[in-house]
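Coordinates in review
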Amino acid sequence: MGAGGYVTGISIARDGTKVVRTDTHNAYIWNDQTKIWDELLTRKTLPEGDVPFPSYSQQSDGGKSDGPGCWEAAVANSNSSVIYAVWNAWCYRSTDRGKSFQKTALPRIYARANDQNFAGGIERVMGPKMAIDPANANVVWLSGDMGDGLWVTNDGGGSWTQNSRLPQPTDGTASKTSSGPYLVAFDPSSPIIDGKTQGIYVAVYGHGLFRSQDGGATFAQVPGAPIAFRRLTCDQLGRVWICDTSTMAQPIKKYENGTWTSHGSSNARLIDVAVNPANPAHIVAWSNALIIVQSKDGGATWQQWVSHSDPNMSKISTTATDIPWLAKSVNNAGLSIAAAAFDPSSGKCYIASGLGVFFVESYPDTSAIKFELVSQSWGIEQLCVWRIMAPPSGAPLTVQLDRSAMKLSNPDVAPDTYGPNIGLKDGFDLDYSSSDPSYVVMLCAKLGNFSAYSRDRGETWTYFPGKGLMSASPGGSIAVSEPGNVVHVPSNNGVARYTLDGGVTWLPLSIPGLPATDGIETGWGWLWALNRKILCADKVQAKVFYAYNYGPSGKPELAGLWTTTNGGVTWTKVKAGTIGQWTTYHTQMNSVPDNAGHLFFTAGREQNQPLYRSTDGGATWSEVANVKDVITFGFGKAANGAQYPAVFIAGKVGDVYGIWRSTDDCSSWTKIGEYPLDGIDAPVTMAGDPNLFGRAYVGFGGSGAAYVDSAGV
């Protein structure tokens, strides 16, 4: 699928070795031979047993990690075979360019790679939160989050000490989350004594800048420094660069020879500065919203380039031959730049961004000539896929956070575009009409409802004409029977509605006791971030839908399986009470193609519950023998001679976790995989291919999607 998420930091060694970190999935190293980013942290490179797969939330770590994102990663300048990465609240070290990692002696620290609580949500892109001594790959300074302090190792991670000489970063609020990370940079122009660089700068949010001239033994505050910032840079001449994020009036602050000077444009909130190692007079600064400010005379004069959604007006052009849809997204939704750094080996300036990695290699002398950004993102997979669907005809479709819907016409090639809105819109669910599979609906709701339908299998999309009448509560489920007959059950306690006229009008479900306004607990879903699919249409019987309610507080009578046979006009509870236990979280339910009244149901990951099924429209349910803890499931083409679709699950058969397939109506199971691509991310959605036996598609919570052809297994 290709990149698509926040690359939150980049580290480049003198020889051009490049490492990046992301907020939702992994860190990567650029492979210059294959021209692809390789995952650094996998089940093969990490110590055995260190991947808490398939769930991160059951760890007894006090919330110090938040999933498979990477808090910080850096490559050593003095030896590019040495890489440090902070993942899952542990610090790891590699001495073979990422082919293997060993856990250092650092205790678990708060290192939530996707945290967005400090100073308006900027800590995931703040940096560097880890600095490796440019003269000594064994000396590392590393910051935790939320008061976990600043740590130092002088022996490659064999031992660590906590530096307590500096105040805690603060954004001025009283909560623990108001204590963010320290930013650290070595001064490469300073003396080296006993193999250690003596000059160290530490930026402390809310307090300013501190300097050590004795390798960190003592620190003194630098007067006049900004107290609000995202990034810290110390260049080859020992000059310190900080973008003051509290102002747009000359926000670039340079500290040189004991004096601060202000630089840059007067109308851009800049966040990071990159200094050309081959020419220290060449400085490029970037804003989060893709404004470039450049000086070629050491900061005496500056010119500005601004990106516009209109390509004819924009002073910045974007090329993405590796992942074509990225260029379209830049033009319509911006780039959300996190960090910038020059590659000393090539002269290119690289940026880590909310879409992937881009570089600039030509630096115009005047803003009359466009800056050209080129994508170098292939290999990074970071889309948060919420649902994957394979209709009876046409290509698989996905919906994901930020990038709504994509059509995977060729699963080995990145899509050209996404829709219906090429902007930042969250997709949550998909369904196709069993009577006309070319008619597809998608749920896109967050900060407004942007749900849509397609009459050409997801090639193009049209907003529902009455989408403004749908609940704007984010998350939830959507289902379609005949074209135009759609039911929408939102999460975040939104009001469920149905339409019989293609979305022109939407009416609330007529179930006694259900709230009539958004915001009151409904029993459908209380938090959009939970991947719940509790609504589906029967794939044989027209106008039949099924909806599961867990029973809101004070209204247990609503709990059960509800069904309608007239498109949503009236509803009947056919099964009273919950289906198993723990069904308020990542519950998933779906109907079986070509089998009227057949349903499967799982409480979802972490719940240690059975997989349930019904063959009578949800009136009665039975446990699937020997199967439990199913995260997600899907249905594919039946095996030759079989009468029932192939069933795929990500879960446990017996007590063995894996990706399993049954071709005999769940009587027996074949393990077709365990951890797709040896990854550290967990499956959240699955679909079998209805046209190709053995093929299954799996979507991940932070790393796109994968497929397997298992016919020979």
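This section reports on the structure supplied with the text. (Residues numbered from 1 in each chain as written. Predicted model: local features only at pLDDT ≥ 70, side-chain atom pairs only at ≥ 80, totals over all residues. Heavy atoms only, no water.)

Glancing now at the sheet that holds strand E3 (residues 27-31). The sheet built from four strands is open, its strands ordered E1-E2-E3-E4 with antiparallel pairing. In the strand order of this sheet, the two ends are held by strand E1 (7-12) and strand E4 (36-39), each with one partner. With strand direction ignored, the average angle separating the axes of adjacent strands in the sheet is 30 degrees. Bridging between strand E2 (residues 18-22) and E3 involves three bridges; their strand directions are antiparallel. (Pairing = 2+ DSSP bridges. Helix = DSSP H or I, 4+ residues; strand = E, 2+ residues; numbered from the N terminus. Axes fitted to C-alpha atoms, helices over the stretch in contact; angles between N-to-C directions.)

What follows deals with empty space enclosed by the protein. What the rule picks out here adds up to one cavity of 30 Å³ or more. Taken as a whole, the largest cavity spans an internal volume of roughly 30 Å³. Lining the largest cavity, in full, are Gly476, Ser477, Val489, Pro490, Ser491, Trp524, Gly525, Arg532 and Ile534. Class assignment for the residues of the lining of the largest cavity results in four nonpolar, four polar and one charged. (1 Å grid on protein atoms, 1.4 Å probe; cavity = no way out; pocket = protein on both sides within 12 Å on 5 of 7 lines; lining within 4 Å. Points joined across faces, edges and corners; volume = space filled by probe spheres on them. Nonpolar A, V, L, I, M, F, W, Y, C, P; charged D, E, K, R; others polar.)

Looking along a regular strand, one sees the side chains alternate between the two faces of the sheet. By the bridge criterion, five bridges tie strand E55 (residues 695-700) to strand E56 (residues 705-709) in an arrangement that is antiparallel. Residue Gly699 lies in a different strand from E56, and its bridge partner there is Ala705. Hairpin connection between E55 and E56: a loop of four residues separates the two successive antiparallel strands, and Gly704 in this loop has a positive phi of roughly 75 degrees.

The next point concerns the packing of aromatic side chains. By the definition in use, this model includes 26 aromatic pairs. Between the aromatic rings of Phe600 and Phe633, the centroid separation amounts to 6.1 Å while the plane-to-plane angle is 45 degrees, which identifies the pairing as tilted. Placement of Phe600 in strand E48 (residues 599-602) and of Phe633 in strand E50 (residues 622-636) is noted, with a sequence separation of 33 residues between them. For the residue pair Phe600 and Phe633, the accessibility class agrees, reading buried in each case. Judged by centre distance (5.2 Å) and plane angle (65 degrees), the ring pair of Phe600 and Phe635 falls under edge-to-face. You can see Phe600 sitting in strand E48 and its partner Phe635 sitting in strand E50, a full 35 residues away along the chain. For the pair Phe600 and Phe635, a shared accessibility class is recorded, and that class is buried. Between Lys348 and the ring centre of Phe359, over which it is positioned, the NZ or CZ distance is 4.1 Å. Positioned above the aromatic ring of Tyr432 is the side chain of Lys539, whose terminal nitrogen or guanidinium carbon lies 4.2 Å from the ring centre. (Phe/Tyr/Trp six-rings, centres within 6.5 Å; stacked < 30°, edge-to-face > 60°. Buried < 20%, exposed > 50% of the residue type's maximum accessible area, 1.4 Å probe, protein only. Lys NZ or Arg CZ within 6 Å of the ring centre and 35° of its normal.)

Our focus in this paragraph is the layout of surface pockets. A water-sized probe, rolled over the atoms, reveals where empty space remains. Taken as a whole, the second largest pocket holds about 1,000 Å³ of empty space. Going through the elements one at a time, E1, strand E5 (70-75), strand E9 (130-132), strand E13 (183-186), strand E19 (232-234), strand E23 (270-275) and strand E28 (337-342) are the ones with two or more residues in the lining of the second largest pocket. Class assignment for the residues of the lining of the second largest pocket results in 26 nonpolar, five polar and six charged.

This brings us to the sheet that holds E28. Pairing within the open sheet is mixed, and its five strands lie in the order E27-E31-E30-E29-E28. In this open sheet, the two strands that pair with only one neighbour each are strand E27 (316-319) and E28. Each strand axis lies, on average, 25 degrees off the axis of its neighbour in the sheet, ignoring direction. With two bridges joining them, strand E30 (residues 357-360) and strand E31 (residues 371-375) adopt antiparallel strand pairing.

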